[in-house]
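Remarks on the overall topology
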There are 4 protein chains.
Amino acid sequence: MIRVTVWNENYHEQKYEDVRAIYPEGIHGCIASFLGKNEQYQVQTATLDQPHCGLPDDVLEQTDVLIWWGHCRHAYVPDELAEKVHQRVLRGMGLIVLHSGHNSKPFKLLMGTSCSLQWREGDRERVWNIMPTHPIAQGIGDYFELPVEEMYGERFDIPQPDGTLFLGWFAGGEVFRSGCIWYRGLGRVFYFQPGHERNPTFWHPDVQRIIYNAVEWAAPSRIADSLDCPHAKVSPEEKLQMK
Amino acid sequence: MIRVTVWNENYHEQKYEDVRAIYPEGIHGCIASFLGKNEQYQVQTATLDQPHCGLPDDVLEQTDVLIWWGHCRHAYVPDELAEKVHQRVLRGMGLIVLHSGHNSKPFKLLMGTSCSLQWREGDRERVWNIMPTHPIAQGIGDYFELPVEEMYGERFDIPQPDGTLFLGWFAGGEVFRSGCIWYRGLGRVFYFQPGHERNPTFWHPDVQRIIYNAVEWAAPSRIADSLDCPHAKVSPEEKLQMK
Amino acid sequence: MIRVTVWNENYHEQKYEDVRAIYPEGIHGCIASFLGKNEQYQVQTATLDQPHCGLPDDVLEQTDVLIWWGHCRHAYVPDELAEKVHQRVLRGMGLIVLHSGHNSKPFKLLMGTSCSLQWREGDRERVWNIMPTHPIAQGIGDYFELPVEEMYGERFDIPQPDGTLFLGWFAGGEVFRSGCIWYRGLGRVFYFQPGHERNPTFWHPDVQRIIYNAVEWAAPSRIADSLDCPHAKVSPEEKLQMK
Amino acid sequence: MIRVTVWNENYHEQKYEDVRAIYPEGIHGCIASFLGKNEQYQVQTATLDQPHCGLPDDVLEQTDVLIWWGHCRHAYVPDELAEKVHQRVLRGMGLIVLHSGHNSKPFKLLMGTSCSLQWREGDRERVWNIMPTHPIAQGIGDYFELPVEEMYGERFDIPQPDGTLFLGWFAGGEVFRSGCIWYRGLGRVFYFQPGHERNPTFWHPDVQRIIYNAVEWAAPSRIADSLDCPHAKVSPEEKLQMK
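Residues numbered from 1 in each chain as written. Chains lettered and ligands numbered in written order. Predicted model: local features only at pLDDT ≥ 70, side-chain atom pairs only at ≥ 80, totals over all residues.

Section: the overall build of chain A
Where we set the bar: Put simply, DSSP marks the helices as runs of H or I at least four residues long and the strands as runs of E at least two long, and each gets a number from the N terminus on. The atom set for the radius of gyration is the C-alpha atoms, and the globule formula is 2.2 Å times the number of residues raised to the power 0.38. Counting other C-beta atoms within 10 Å of a residue's C-beta gives its exposure: the residue is buried at 20 or more, exposed at 12 or fewer, and partly exposed in between, where C-beta atoms are placed from the backbone. Note on contacts: residues are paired as contacts if their backbone-placed C-beta atoms lie within 7 Å.
The helix and strand tally for chain A stands at eight helices and nine strands. Here the C-alpha atoms of chain A give a radius of gyration of 19 Å, agreeing with the 18 Å that 2.2 N^0.38 yields for 243 residues. Along the first, second and third principal axes, the C-alpha set of chain A runs to 70 × 40 × 35 Å. Burial analysis of chain A (243 residues in total) assigns 54% to the buried set. Restricting the contact set of chain A to residue pairs at least 6 apart, pairs at least 24 apart contribute 70%.

Brief notes about the interface of chain A and chain B
At the junction of the two partners, chain A supplies 35 residues and chain B supplies 35 residues. Of all the elements, strand S5 (residues 118–129) of chain A adds the most residues to the side of chain A that touches chain B, at four residues.

Topic: the interface of chain B and chain C
Put simply, the rule reads: Note on residue classes: Ala, Val, Leu, Ile, Met, Phe, Trp, Tyr, Cys and Pro are nonpolar, Asp, Glu, Lys and Arg are charged, and everything else, Gly too, is polar.
The interface of chain B with chain C comprises 11 residues on the first partner and 11 residues on the second. At the level of elements, strand S5 (118–129) and strand S7 (163–170) of chain B are the ones that each hand at least two residues to the side of chain B that touches chain C. By residue class, the composition of the side of chain B that touches chain C is six nonpolar, one polar and four charged.

Comments concerning the relation of the copies chain B and chain C
Let me state the cut-off plainly: We superpose the copies by least squares over the C-alpha atoms of residues that have a pLDDT of at least 70 in both of them.
You can overlay chain B on chain C at an RMSD of 0.0 Å; the transform is a turn of 180° with a shift of 0.0 Å along its axis. Here the copies are linked by what is in effect a two-fold axis. Interface overlap between copies: 100% of the residues of chain B at the interface are likewise at the interface in chain C, consistent with a symmetric, same-surface contact.

As for the sheet that holds strand S3 (residues 65–69) of chain B
Residue and element names in this part refer to chain B. Short version of the rule: What makes two strands pair is DSSP finding at least two bridges between them. With axes taken as lines fitted to C-alpha atoms, and helix axes fitted only over the stretch in contact, angles between N-to-C directions fall between 0 and 180 degrees.
Reading across the sheet, the nine strands line up as S2-S1-S3-S4-S9-S8-S7-S5-S6 and stay open at both edges, with mixed pairing between neighbours. Two strands in the sheet have a free side with no partner beyond their single neighbour: strand S2 (41–47) and strand S6 (143–153). Direction aside, neighbouring strands of the sheet carry axes that sit 25° apart on average. Here five bridges tie S3 to strand S4 (residues 94–98), and the two strands are oriented parallel to one another. Residue pairing in the sheet places Trp-69 in a bridge with Leu-98 of S4.

Focus on the nonpolar core
Where we set the bar: Any set of buried Ala, Val, Leu, Ile, Met, Phe, Trp, Tyr and Cys residues joined through C-beta atoms within 7 Å is what this text calls a nonpolar core.
Ile67(A), Ile96(A), Ile67(D) and Ile96(D) are the most contacted members of the largest nonpolar core, which totals 134 residues. For Ile67(A), the residues in contact, after removing those within four places along its chain, are Val4(A), Val6(A), Trp7(A), Ile31(A), Ile96(A) and Leu98(A). By size, the runner-up hydrophobic cluster in this structure holds 133 residues, among which are Trp7(B), Ile158(B), Trp169(B) and Ile136(C).

Describing the relation of the copies chain A and chain B
Rotating chain A by 180° and moving it 0.0 Å along the rotation axis overlays it on chain B with an RMSD of 0.0 Å. A symmetric contact is evident, with 100% of the interface residues of chain A recurring at the interface of chain B.

Looking at the pairing of strand S4 (residues 94–98) of chain C
Residues and elements named next belong to chain C. Rule in force here: By definition, the crossover connecting two strands over a helix is right-handed if that path, from the first strand to the second, turns clockwise as seen with the strands pointing away from the viewer.
A large share of S4 lies buried, amounting to five of its five residues. Of the two faces of S4, the one carrying Gly-94, Ile-96 and Leu-98 and the one carrying Leu-95 and Val-97 are both buried. Assessed by its sense of winding, the connection that carries the chain from strand S3 (residues 65–69) through helix H5 (residues 79–91) to S4 is right-handed.

A closer look at the confidence of the model for chain A
Test applied: The quantity known as pLDDT measures the predictor's confidence residue by residue, on a range of 0 to 100.
Taken over all residues, the pLDDT of chain A has a mean of 96, while the share at 70 or more is 100%. Across the interfaces of the predicted complex, the ipTM metric reaches 0.96, alongside a pTM of 0.97.

Side note on the sheet that holds strand S5 (residues 118–129) of chain C
All names here are of chain C. One open sheet holds the nine strands; their spatial order is S2-S1-S3-S4-S9-S8-S7-S5-S6, and the pairing between them is mixed. If you trace the sheet from one side to the other, it starts and ends with strand S2 (41–47) and strand S6 (143–153), each paired once. Direction aside, the axes of adjacent strands within the sheet are offset by 25° on average. Sheet topology note: the strand S8 (residues 175–184)/strand S9 (residues 187–192) ladder contains six bridges and is antiparallel. Of the residues in S9, the one forming a bridge with Gly-179 is Phe-192. Helix H7 (residues 205–218) rests against strand S1 (2–8), S2, S3, S4, S6 and S9 of the sheet, and its axis sits at about 155° to S4.

Considering the pairing of S5(C)
Residues and elements named next belong to chain C. Sheet topology note: the S5/S6 ladder contains eight bridges and is antiparallel. Paired with Arg-120 across the two strands is Met-151, which belongs to S6. As defined by bridge partners, S5 adjoins strand S7 (residues 163–170) across five bridges and the pair is classed as antiparallel. Paired with Arg-126 across the strands is Trp-169, a residue of S7.

A few points about helix H5 (residues 79–91) of chain D
Residues and elements named next belong to chain D. Our working rule: Helix span, expected: 1.5 Å multiplied by one less than the number of residues in the helix.
The terminal C-alpha atoms of H5, which comprises 13 residues, lie 18 Å apart, in line with the 18 Å expected from a rise of 1.5 Å per residue. Looking at H5, one finds that the buried residues are Val-85, His-86, Arg-88, Val-89 and Leu-90. Where the residues of H5 are buried, they touch helix H4 (57–60), strand S3 (65–69), strand S4 (94–98), helix H6 (105–111), strand S8 (175–184) and strand S9 (187–192). Note on H5: the residue one or two positions beyond its end, Gly-92, has a positive phi of about 140°.

Observations concerning unusual backbone geometry
The omega torsion of the bond from Glu154(A) to Arg155(A) falls at 10°, within 30 degrees of zero and hence cis. Examined against the element boundaries, Arg155(A) turns out to sit in the loop between strand S6 (143–153) and strand S7 (163–170). The phi dihedral of Cys115(A) falls on the positive side, at around 60°, and the residue is not glycine. Mapped onto the secondary structure, Cys115(A) falls in the loop between helix H6 (105–111) and S5. Residue Cys115(A) is classed as buried on the basis of its 22 C-beta neighbours within 10 Å. One non-glycine residue, His99(D), adopts positive backbone phi at about 45°.

Here we look at the environment of Asn129(B)
Residues and elements named next belong to chain B. By secondary structure assignment, the location of Asn-129 is in strand S5. Residue Asn-129 is classed as buried on the basis of its C-beta count, with 21 C-beta atoms lying within 10 Å. Look past the residues within four positions of Asn-129 in its chain and what remains in contact with it is Ala-137, Ile-140, Gly-141, Asp-142, Tyr-143 and Phe-166.

Considering the environment of Lys105(C)
Of note, Lys105(C) is situated in helix H6 (residues 105–111). Expressed as a C-alpha distance, the spacing of Lys105(C) and Tyr76(C), which sit 29 residues apart in the sequence, is 9.9 Å.

Quick look at the environment of Ile31(B)
All names here are of chain B. For Ile-31, the location among the structural elements is in helix H3 (residues 26–35). Of the residues examined, Ile-31 has 29 C-beta atoms within 10 Å and is grouped as buried. A C-alpha to C-alpha distance of 9.8 Å links Ile-31 and Trp-7, two positions 24 residues apart in sequence. If near-sequence neighbours (up to four positions away) are discounted, Ile-31 is found in contact with Val-6, Ile-67, Phe-202 and Ile-211.

Here it is in structure tokens:
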């Protein structure tokens, strides 16, 4: 059983009718619905407008994999909450950061870089699968197409990924490292670029498959209590002599 | 000309006579003196007890490579200053973090992990050179010995390095990734484990050579003004058609 | 169902009584017996002294994960067979290379380096677990001890691993990257250093657990027919216009 | 002084007038001429049609950086010569592999993978600079354009690079890891995708700058005599006690 929490800013869906038309139950509702089909996933949603920004301690502490979508309200996430998410990833929780979440506080804390990129309004995108043996790429062909997606282009200011799974091609002339993984502490992080709020990207079967695979990949075997610097008062050699 | 600033907490040297006996001009003084022999390096020192913690904006903005030694006073470095150092590395400045600097604010901001490790009082260390072709390893043999060094042992909670240059062996039974590099933003970071304040480690010729090489390696070709997310209003393809 | 073939030189076990005393059914027999307890693994053995060196085409083509132990008879493996193993890994088969297999033809073909190292007769080894979240490290503590193991020391001439899981510490003063993974083509490769024929290493529960985990990790989702350079006569953009 | 040898198949230039029109002195002649402007580079050329395929032992043994261009005559390079090149790279020589050299014997021996890719006749390419701080990228802007270049598309079957410097975008819809580095043995390898014989690619100032930078980056500090597995008869600890 993997406990998944889908976190969403849930701002555009409430404010703009055209966004609500695509995601009537919010981006979080869409993602939760397709993940929820797997009985091994126990899925809940959380949104910024809820108390504690949707992530009180007991929710966060019972999450194995956190999915994060945010765009224009990153600043409304308190530093303290961002740091709690950060620490829980280091202790083992999986984190899947979608699209404009590249600029979210938890992602930037984990990467240590600016995570900046260049961007442009909607364009046609083709997502190439360059690491087909990775668990996250299972079931994905050589590439798939998104008729309209917000352009995110290089240079993407990230640490060298521990695996670059997908490369994005945009008709207007840009490229992007669209799917990347990192190990951080005891946790696993997957960043996936598609998913602008005005495009029906999260209804695309390949996008759903990738997020679905990523949950499985990011799920922890265990979550540690702390990551302290232990003072080893006795060396392994001394211990051996004590026996 | 590479502008190097050697930053030091400069606490133990003032408080403890035995430390002062080893480093009469402080750890910073020792490092500055051997680096200063190279006329291509313009070396200055900075210490925590100076105004602005030794790093007012004009000093930081005129530093190409910053060397950082801190141990028990990490908390005295204001978050704001740590963030300025962090941002300047992302914009291109080189950073060399020594020994207990693994727990310093700038290093942890750049790594995004806890940077925890296990430690133990002085032991004999042997430092193995496992990437002899790297610029930082030039002039270093298969290994060198440190008669006494504080034990730092795995697991070291760091992102997978972009290069692991040195592995430490301790007589008491531990191992450590003792020299590692990372690219972060436009900057380069080198972490080097030896250098406890009560050991004459920075007088060791191999340690000096490694720090010397690291300055050369970390020196930036340029330092950028910012790392924003640019809004590309026109695509490369449209620009082409405008011609 | 994962089809595992355990390949062994099977030379020392036949020639030397002291080796036979440790591994009465051969190293291959020992490994096959503990793997075989998992009903999801269909395990068979193959040895150099069999026809086709134990790996006729039909055996190789029905292997999902190949385990390789060889020491003094690497040269007796025909180049043609080594190349077949190499190609099958590139097409998806998992490969687990044990101990002196670092010098085997298939491993060297996959690495592209000399795979040389320094070695010394038996010493006490401690194996540190530095990537505890990796599937191969599940169930392993901070470290485990081998009372006697052949010393393999750095510098190990390998490509930078895609993951360094274990570091070996030897009482005599050396260190080693004792467990490493690489992605090659569509296949996965795990190298594990312990396992000299005169030590009961493969009876050690942690060693068994690691090999057991590695089989699961290296098992392919599919094995491709070929790895040709396809001539794409029509571009994706033209295909789109044809629709 | 860096001793550079530019090796070329030199087949198309002799057989086809249109290729000769672009490279009247051969691709090797073009590359040698722009590299030769640096007085610190001692540049010579070598071609397949010369005795010993242009690389007798004394030439190879006096080369610090070898540049390799081949396309349809890879099979004419004897295995023995390919292996000599391979071994010299492992001992420290730099290797720069251009365009269709992805399929050359020395490159495939070093990579250990099929190095396959998909390809298509000439298209417009844009080369994005995603690691602007790397020595090889110095002087290169955010991207540069090649009006016509042979399309090389993913999936490129290579080991995960130690650095991915450039990403290629093709108007027809493909992407490619167009500039990659690897450390192998004591040597450094750079692969660069542009450079089909029917395009004036090697006259492009950015392409010239990249190759120029790559020579500097790949130049060895020293070249070892061998890469044997030394038998360490005495441990460092025993040596210490002998003192």
